[in-house]
Amino acid sequence: MSIVSALTIAGSDSGGGAGIQADLKTFSSRGVYGASVITALTAQNTQGVTMIEAVSLDMIMAQIKAVLDDIDISAIKIGMLGSADVIKTVARALTHYQGPIILDPVMVAKSG
């Protein structure tokens, strides 16, 4: 029996209710091994988002390459990307990926 693996590409939510943290909890609850690529760090909780800091394009590309070079990823879920340049970087990194890609774009946090 092979282990199913999924990759989440999204922002990190310090409050744990969204982004990378929520995706990894969901993957785990379904018996799926979760890998992650962090596109941005957020300072947030249930009351709101107080700060967002983008991860460099080179680091995003390096994270994607590191995961895809080593782990057999069955599906990719994409959340918060944050800018057109990040979108282009992720698209370029996934050019040869053949599995399903789920887009779950983030426009605004529920807490504001």
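Please refer to the structure placed before this passage.
Owing to the predicted nature of the structure, the values given are computational and were not obtained by experimental measurement.

Novice: Let's hear about the environment of Asp-70: which residues, and what values?
Specialist: Structurally, Asp-70 is set in helix 2 (residues 57–70). A residue is classified by how much of its surface remains accessible, and Asp-70, at 64% relative accessible area, is exposed. Remark: the alpha-carbon pair of Asp-70 and Gln-44, spanning 26 residues in sequence, is separated by 32 Å.

Novice: Lay out the sheet that holds strand 5 (residues 101–103) in plain terms, naming residues and giving numbers.
Specialist: Pairing is mixed across the open sheet formed by five strands, whose spatial order is 3-2-1-4-5. Whereas interior strands pair on both sides, the edge strands pair on one side only; in this sheet they are strand 3 (48–54) and strand 5. Ignoring strand direction, the axes of neighbouring strands in this sheet form an average angle of 25°. Taken together, the three bridges between strand 4 (residues 75–78) and strand 5 define a ladder with parallel strand orientation. Within strand 5, the residue paired with Ile-78 across the bridge is Leu-103. Of the strands in this sheet, strand 1 (5–13), strand 2 (33–45) and strand 4 are in contact with helix 1 (residues 19–29), which crosses strand 1 at around 150°. The sheet strands contacting helix 2 are strand 1 and strand 2, and the helix crosses strand 2 at an angle near 155°.

Novice: Which residues make up the pattern of salt bridges, and what are the values?
Specialist: If the charged atoms of two oppositely charged side chains come close together, the side chains can form a pair. For the structure shown, the criterion picks out three salt bridges. The shortest N-O distance in the salt bridge between Lys-77 and Asp-23 comes to 3.2 Å. Placement of the pair is Lys-77 in strand 4 and Asp-23 in helix 1, with a sequence separation of 54 residues. Each of the two residues, Lys-77 as well as Asp-23, counts as buried. One salt bridge in this structure joins Lys-65 and Asp-69, with 2.6 Å as the shortest N-O distance. Separated by four residues within a single helix, Lys-65 and Asp-69 lie in helix 2, roughly one turn from each other. Residue Lys-65 is classed as exposed on the basis of its relative accessible area, which comes to 51%. Asp-69 sits in the exposed class, given a relative accessible area of 56%.

Calculation notes
Starting from 1, residues in each chain are numbered consecutively following that chain's sequence as written. The model is predicted, so local features are restricted to residues of pLDDT at least 70 and side-chain atom pairs to those at 80 or more, both for listing and for counting; the totals for chains, interfaces and linings are taken over all residues. The side-chain values count all of the structure's non-hydrogen atoms but skip hydrogen atoms and water molecules. Helix and strand labels come from DSSP, where a helix needs a run of H or I of at least four residues and a strand needs a run of E of at least two; each type is numbered from the N terminus. Burial classes: relative accessible area under 20% of the type maximum marks a residue as buried, over 50% as exposed, and values in between as partly exposed (1.4 Å probe, protein chains only). Two strands form a pair only when DSSP identifies at least two bridges running between them. Where helices are involved, their axes are fitted lines through C-alpha atoms of the stretch in contact, as for all axes, and angles between N-to-C directions lie from 0 to 180°. Here, residues are in contact when the closest pair of their heavy atoms is within 4.5 Å. We define a salt bridge as a side-chain nitrogen of Lys or Arg found within 4 Å of a carboxyl oxygen belonging to Asp or Glu.

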